[in-house]
2 protein chains.
Amino acid sequence: MRATTIHGTRDIRVSDVPDPTIEVPTDAVVRVVAGCICGSDLWPYRGENAITPGDTIGHECVGVVEEVGSAVTSFRPGDFVVVPFDHCDNTCPHCLAGAQSGCVNLGFTASGQAEYTRVTQAEGSLVKTDGMPDEGLIPSLLTLADVFPTGWHAAVSAGVREGGTAVVVGDGAVGLFGVLSASLMGAERVIAMSRHQPRQELARAFGATDIVAERDQEGVDAVLELTDGVGADAVLECVGTNQSMNTAFRIARPGARVGMVGVPHGVDLPLYPIMFRKNVALAGGMAPTRKYLPELLDRVLEGGIDPGRVFDLTVPLDEVADGYRAMDERRAIKVLVQP
Amino acid sequence: MRATTIHGTRDIRVSDVPDPTIEVPTDAVVRVVAGCICGSDLWPYRGENAITPGDTIGHECVGVVEEVGSAVTSFRPGDFVVVPFDHCDNTCPHCLAGAQSGCVNLGFTASGQAEYTRVTQAEGSLVKTDGMPDEGLIPSLLTLADVFPTGWHAAVSAGVREGGTAVVVGDGAVGLFGVLSASLMGAERVIAMSRHQPRQELARAFGATDIVAERDQEGVDAVLELTDGVGADAVLECVGTNQSMNTAFRIARPGARVGMVGVPHGVDLPLYPIMFRKNVALAGGMAPTRKYLPELLDRVLEGGIDPGRVFDLTVPLDEVADGYRAMDERRAIKVLVQP
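Keep in mind that this is a model prediction, so the values were computed, not measured.

A. Highlighting the relation of the copies chain B and chain A. When chain B is fitted to chain A, the best match, at an RMSD of 0.0 Å, comes from turning it 180° and sliding it 0.0 Å along the axis. Seen this way, the second copy is the image of the first under a two-fold rotation axis. Taking the C-alpha atom as reference, chain B places leucine 282 of chain B closest to the rotation axis, 2.7 Å from it.

B. Looking closely at the packing of helix H8 (residues 216–226) of chain A against helix H9 (residues 242–251) of chain A. Residues and elements named next belong to chain A. At a minimum axis distance of 10 Å, the contact between H8 and H9 shows a crossing angle of 30°. When the axes of H8 and H9 are compared, the pair comes out roughly parallel. Note on packing geometry: the crossing formed by H8 with H9 is right-handed. Residues Asp216, Gln217, Val220 and Val223 of H8 form the contact with H9, whose own contacting residues are Gln243, Thr247, Arg250 and Ile251. Residue composition of the contact of H8 with H9, grouped by class: 3 nonpolar, 3 polar and 2 charged.

C. Main features of the sheet that holds strand S2 (residues 11–16) of chain B. Residue and element names in this part refer to chain B. Strands sit in the order S2-S1-S4 across an open sheet of 3 strands; the sheet is antiparallel. Among the strands making up the open sheet, the edge pair consists of S2 and strand S4 (55–56). Sheet analysis places strand S1 (residues 2–8) next to S4, joined by 2 bridges and oriented antiparallel. Across the sheet, residue isoleucine 6 finds its bridge partner in S4, namely aspartate 55.

D. Looking closely at the domain arrangement of chain A. Residue and element names in this part refer to chain A. Domain annotation for chain A reports domain 1 (2–146 + 288–338) and domain 2 (148–284). Taking the mean C-alpha position of each, domain 1 and domain 2 sit 26 Å from one another. Across the boundary between the two partners, domain 1 contributes 22 residues, which contact 22 residues of domain 2. For the pair domain 1 and domain 2, the two sides together bury roughly 2000 Å², of which 69% comes from carbon and sulfur.

E. Main features of the interface of chain B and chain A. Contacts between the two partners involve 32 residues from chain B, matched on the other side by 32 residues from chain A. Summing both sides of the interface, chain B and chain A together bury roughly 2600 Å²; the carbon and sulfur share of this comes to 69%. Among the residues chain B hides against chain A, the three largest losses belong to Leu271, Phe276 and Asn279 of chain B. Together they make up 24% of the total. Counting every contact that joins chain B to chain A gives 0 salt bridges. Counting across the chain B and chain A interface gives 13 residue pairs in polar contact (both at pLDDT 80 or more). When residues of the side of chain B that touches chain A are traced back to their parent elements, those giving at least two are helix H2 (93–96), strand S15 (252–260), helix H10 (271–276) and strand S16 (281–284) of chain B. Classifying every residue of the side of chain B that touches chain A by side-chain character gives 21 nonpolar, 9 polar and 2 charged.

F. Representation of the UniProt feature "domain: Enoyl reductase (ER)" (unreviewed entry) in chain A in the model. UniProt's entry tags residues 8–337 of chain A with the feature "domain: Enoyl reductase (ER)" (unreviewed entry), counted in the numbering of this structure. For residues 8–337 of chain A, the helix share is 30%, the strand share is 24%, and the end-to-end C-alpha distance is 20 Å.

G. Here's a closer look at the sheet that holds strand S1 (residues 2–8) of chain A. Residues and elements named next belong to chain A. Overall, antiparallel pairing links the 3 strands, which are arranged S2-S1-S4 in an open sheet. Edge positions in the sheet fall to strand S2 (11–16) and strand S4 (55–56), since each of these pairs with one other strand and no more. Contacts from helix H12 (residues 320–328) reach S1 and S2, with the element oriented near 160° to S2.

H. Spatial organisation of helix H5 (residues 147–158) of chain B. All names here are of chain B. An ideal rise of 1.5 Å per residue puts 16 Å on 12 residues; H5 measures up with 17 Å between its terminal C-alpha atoms. Most of H5 sits inside the fold, with 11 of its 12 residues counted as buried. For H5, every residue scored as buried is listed here: Val147, Phe148, Pro149, Thr150, Gly151, Trp152, His153, Ala154, Ala155, Ser157 and Ala158. Positive backbone phi, at 75°, marks glycine 159, one or two positions downstream of H5.

I. Representation of helix H9 (residues 242–251) of chain B within the structure. Within H9 of chain B, 7 of the 10 residues are buried, which leaves it mostly tucked inside the rest of the structure. Within the sequence span of H9 of chain B, burial applies to Ser244, Met245, Asn246, Thr247, Ala248, Phe249 and Ile251 of chain B.

J. The pairing of strand S6 (residues 80–83) of chain A, seen in detail. Residue and element names in this part refer to chain A. Neither face of S6 is exposed, since Phe80 and Val82 on one face and Val81 and Val83 on the opposite face are all buried. Where strand S5 (residues 60–68) and S6 come together, 4 bridges link them in antiparallel fashion. Bridged to glycine 63 within S6 is valine 81. Pairing of S6 with strand S10 (residues 127–128), which is carried by 2 bridges, proceeds in the antiparallel orientation. Paired with valine 81 across the bridge in S10 is lysine 128.

Criteria and cut-off values
Position numbers for residues count from 1 along each chain, tracking the sequence in the order it is written. Starting at A for chains and at 1 for ligands, labels are handed out in the order in which the entities are written. Side-chain atom pairs in this predicted model are given and counted only at pLDDT of 80 or more, local residue features only at pLDDT of at least 70, and totals for whole chains, interfaces and linings cover all residues. With hydrogens and water set aside, each side-chain value is computed from the structure's full complement of heavy atoms. Only residues with pLDDT of at least 70 in both copies contribute their C-alpha atoms to the least-squares superposition of the copies. Orientation is described by axes fitted as lines to C-alpha atoms, over the contacting stretch for helices, and by angles from 0 to 180 degrees between their N-to-C directions. Segments assigned H or I by DSSP are reported as helices when at least four residues long, segments assigned E as strands when at least two residues long, and all are numbered from the N terminus. By the definition adopted for this analysis, an angle is roughly parallel if under 35 degrees, roughly antiparallel if over 145, roughly perpendicular if from 65 to 115, and oblique otherwise. Crossing chirality is assigned from the near helix's rotation relative to the far helix, an anticlockwise turn below a right angle marking it left-handed and a clockwise turn marking it right-handed. The criterion used for residue contact is that any of the two residues' heavy atoms lie within 4.5 Å. Classification convention: Asp, Glu, Lys, Arg as charged; Ala, Val, Leu, Ile, Met, Phe, Trp, Tyr, Cys, Pro as nonpolar; all other residues, Gly among them, as polar. Two strands pair if DSSP finds at least two bridges between them. Boundary definitions for the domains trace back to an automatic or database domain assignment. For any pair of parts, buried area is found by adding up, for both, the accessible area (1.4 Å probe) each one loses once the two are put together. Think of a salt bridge as a Lys or Arg side-chain nitrogen and an Asp or Glu carboxyl oxygen that are within 4 Å of each other. In protein, a polar contact means a hydrogen-donor-capable atom and an acceptor-capable atom, both N or O and within 3.5 Å, with residues adjacent in sequence counting only if both atoms are side-chain atoms; elsewhere, any N or O pair within 3.5 Å suffices. UniProt positions are given in the numbering used here, feature names are shortened, and annotations may be inferred rather than shown by experiment. Helix span, as expected, comes to 1.5 Å for every residue beyond the first. For every residue, the accessible area obtained with a 1.4 Å probe (protein chains only) is divided by the maximum for its type, and the residue is called buried under 20%, exposed over 50%, and partly exposed between those limits.

Have a look at this one:
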C-alpha cells in the first residue's frame, strides 16, 4: 500500500510498504478514509525525536473495517469506525479504572496517513457509527481519533468546573480543542493564549471568552489582570515546552491544577516554589482516548459543534509532505490527508 | 521569654529573646502550653537549609490566648487554641477556595518551642476548644497544629477513596498520620512502607493493613505484588527526597495521584516516563491546615482515635536540644516540648 514515511529531518515521503495484516486474533485492519497530521508528528519531522528512516508515520484516522481477527466480535468488514491513536483492550484493571492509555495491552496506530492501518486490540479500541456517515461529517469524526479527546483530557486533568476560569496555554489544534472542551464543560471564562489571528478566531468560535496574545511575563501579567490577581482555576497546558509549562504554573491560582497533554520536552518543573508552596498540581498525560469516545461521538453527532473546522488544509496522500511543511511553518492549523 | 533558637548545624539552644507582642491589629499572642519538634525542623538542624544564627525555631503549638489585637473579635484572653503552623485570613479568594496555605496574608508560627508565640491573622487562623481541655488530650490537640492536617492533606491530595488502596511512603510522624488519614477516609488497604519496628507498630495502630519494609526496587516489587501487579490507587509521599518521590511514582497505578507533603529536596521527577505516559499526577504541597481543623478537631474530641500516641518522648523546654538529637537519630518518632 502507499503510506507516509519519514526518512530524516523534514524528509517526508509517500512509499510503497507491505499491507498491514491480521497478526493476532485481536487485530483489525481498517481502510483509511481520512487521516491527519498531528502536532506531535512535527517533533520527529523537526529532528527533535529519534526516528528509524523509512518508518511509517501518522496515528490519527477514521475508516472502514476491512478485516477482523477471530477475537473481534463487535465489528465486521464495512463498519465505519473511529480509530483511537492509542489502542486498549478496555477490560484490564487500568482500563476499567478509566486509565485506558495505561492499558496493559497498549498499542498505537502506526500508519494513519496511509491507505490501510492495523488496529491492535480492535474490540476494545474501535467505536463505530450507525452506517456510513455523511461526507461532511468526516472531518469532525476524524478529530475524535486524537486531537479532540486530547484537548478534552487536558480539561478533565486540569479540573475544569462549571463557572470557573480556565486558561489554555498553546494555540495549536490541541489547545483549540482544550478551549472547546473547557467551554463545553461550562467554564464561565475561557482564556486562550494565542498570538496568531486565524487561531484566535477559531478559539473564539470554539468558546474562548478572552484572548491573551502576550507571552512569558507579559502573558502571566495579562492573565492575572483578567482574573483580578487571583489566577486561573484550571490551566490546560497544550504545548509541552519549558516555556509553556512554566507559564502554565505561574498563571495557576493556589490549589489549581495544570492539565498537561503536550509531550514534555526539556521541561524543568517549578517543584518547590510553585507546586509545593502554592499547591498547584500537575495531572494529565497521554489521553485515554477510548474513555471519552462515546461521549464525544455523541456530541459530534448531535451537532451544534463543528470540530472539523480545525482542518484548514486538505491534501491528497501524494502531497502529504506539503501538509507537513504547512504545519511546520504554521501556515495551517491542522492538515487532513486523503488517501 | 525563653525560646528555642538555632545557631548552626546541630546547635540548638534555649535563649532569652524579646516577648512577642501585638504588632498589627490582626495579631494575637498565645502562651504556649505544648509545642513539638517537626521533621522539617531537622532540615536546618542538619545544615541542609540556610539559617540565621540565633533565630527562633519551632512552628507547632497549642496554648492559651494571652492578648489579641483590635481586629480579633472571636478570641479573648484565656481561650485554649490550636495554632495552625500556617496562618491565614480565611477570607481571601484563595482561602475561600480552600487553598488557605496560599493565603494572600500568609504567615507562620515562629516560636512554637517557646513560652509565647505570635499568631498573625489570628481571627482566620485559630480554632478554640470549649473551655480548657483535659490534660490527657493536649498531645492529640497538639497534632492538629501541623502533623495531622499535613498527613490528612497527603491523603486528600492523593485522592484516597473508600475501598481503594493507599500506599504511604515514609514512616516519619507525617507518614504515620497519612496512614491514619487514609484509614479514616475508608481506604480498604493501607500499605505503610516502614523499616522501623516501633513505627510499624504505630502504623498498624493507626490503621495500616500491610507493612512493606523493603526499599527502592524491592519495595516497588513488594507493593506491586501486594496489589496483583496493578499498583496503588493513591500514594502519599511523606518524605520529600528524590528516592522517596521516585518510589512513590513507581508504585502508582496509571491514572493515580501522588500526594506530596514532604518539602522536596533535590527531587528529579519522572516527568515523561511515568507522569506523562502513565498519567500519574502530582498534587499537594504545604497543607492548608485551617481548612481541615474543624473536622479534625471534631474527630479528636469524639475520641476513638488517639493521635497523641505519636509523641514517644516529652522534654522540658530546657532540654529541647535532647529532643532534636533523639529525632535526628530516629530514637524518637516525635518529641513534645513543655515550656
